[in-house]
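Read off the chains here:
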Amino acid sequence: MPPQQLLKSPPQPQTPSPTHPRDLQPTQVHHRLRARTAKTAMVVAIPAAATAAAAKPAAPAAAATKENATPKAAAAPANAAEMTKTAQKKAKKAQVARPISSGSLRGGVQYEVMKLGNGSQATLGKLLKVQYEAFFPDGKPFEQGSMEFRLGIGAVLRGLDIGVKGMIEGEKRRLMIPSRLAYGPKGHPPLVAPDTDLLFEVDLVQCK
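K.L.:
In this structure, what is going on with the packing of aromatic side chains? I would like to understand it.
P.N.:
The geometry of an aromatic ring pair is captured by the separation of the ring centres together with the interplanar angle, meaning the angle of the planes. Scanning the model with the defined rule gives 2 aromatic pairs in all. Over the face of the ring belonging to tyrosine 111 we find arginine 173, whose NZ or CZ atom lies 4.7 Å from the ring centre.

K.L.:
Looking at this structure, I do not really get the side chain of glutamate 171. What am I missing?
P.N.:
Mapped onto the secondary structure, glutamate 171 falls in the loop between α4 (158-164) and β5 (172-177). Here glutamate 171 falls in the buried class, since its relative accessible area comes to 6%. One polar contact links glutamate 171 to arginine 173, side chain to side chain, over a distance of 2.7 Å.

K.L.:
What am I meant to see in the nonpolar core here?
P.N.:
When a protein is soluble and globular, its nonpolar side chains tend to lie buried together. Ranked by size, the top nonpolar core spans 28 residues in total, and within it Leu128, Leu160, Leu175, Phe200 and Val202 carry the most contacts. Among the elements of the structure, β2 (110-115), β3 (127-135), β4 (141-150), α4, β5 and β6 (198-207) are those that each provide at least two residues to this core. With 5 residues, β6 is the largest single contributor of residues to this core. Not counting residues up to four positions away in its chain, the partners in contact with phenylalanine 200 are Tyr132, Glu133, Ala134, Leu157, Leu160, Arg173, Arg174, Leu175 and Ile177.

Basis of the calculations
Residues numbered from 1 in each chain as written. Predicted model: local features only at pLDDT ≥ 70, side-chain atom pairs only at ≥ 80, totals over all residues. Heavy atoms only, no water. Phe/Tyr/Trp six-rings, centres within 6.5 Å; stacked < 30°, edge-to-face > 60°. Lys NZ or Arg CZ within 6 Å of the ring centre and 35° of its normal. Helix = DSSP H or I, 4+ residues; strand = E, 2+ residues; numbered from the N terminus. Buried < 20%, exposed > 50% of the residue type's maximum accessible area, 1.4 Å probe, protein only. Polar contact = N/O pair within 3.5 Å; in protein donor to acceptor, adjacent residues only side chain to side chain. Core = buried A, V, L, I, M, F, W, Y, C linked by side-chain atoms within 4.5 Å. Contact = heavy atoms within 4.5 Å.

Spelled out as structure tokens, the structure:
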């Protein structure tokens, strides 16, 4: 081959010019339309599938919410049952607290016998052992305990001396004591304000 021919560029392959749709046969046009339709359907189907996949986890969440709501619904009957039991206890306590007898004593002291005794009677000069609980007029307790004292010598409040006298060993009384026979106009700071009526529940444990 002569050297001049080696320097020449090799012939470039000719790219066939694109065929215009109007030059295509009807069959070729039909095939191209079907191919484009298939591509469009694939593009639309992919987002739809992704949306459906994202929506599926919502169902378990809704089920979990429903399960969590079940104990709350069941709690209402339990609370109602507890309230009924509390009401029954209060009613039973009120029945037990009904006095056997009641009356008035010297100085305006009122008494109610809550439980009968069957031992010795508390008279002046006897050594008594009592258990007691003290309340304000609104029923709020402020003191409780036990003590020994000799009846009628001023060892306790005047109202207690009056109210306990005549009790039988084992007896329980509720005493309503006016302020003048309790702590009077001075009160008993910081517990008892001046001129405060008091209520005592007293059990006579021992009398000798």
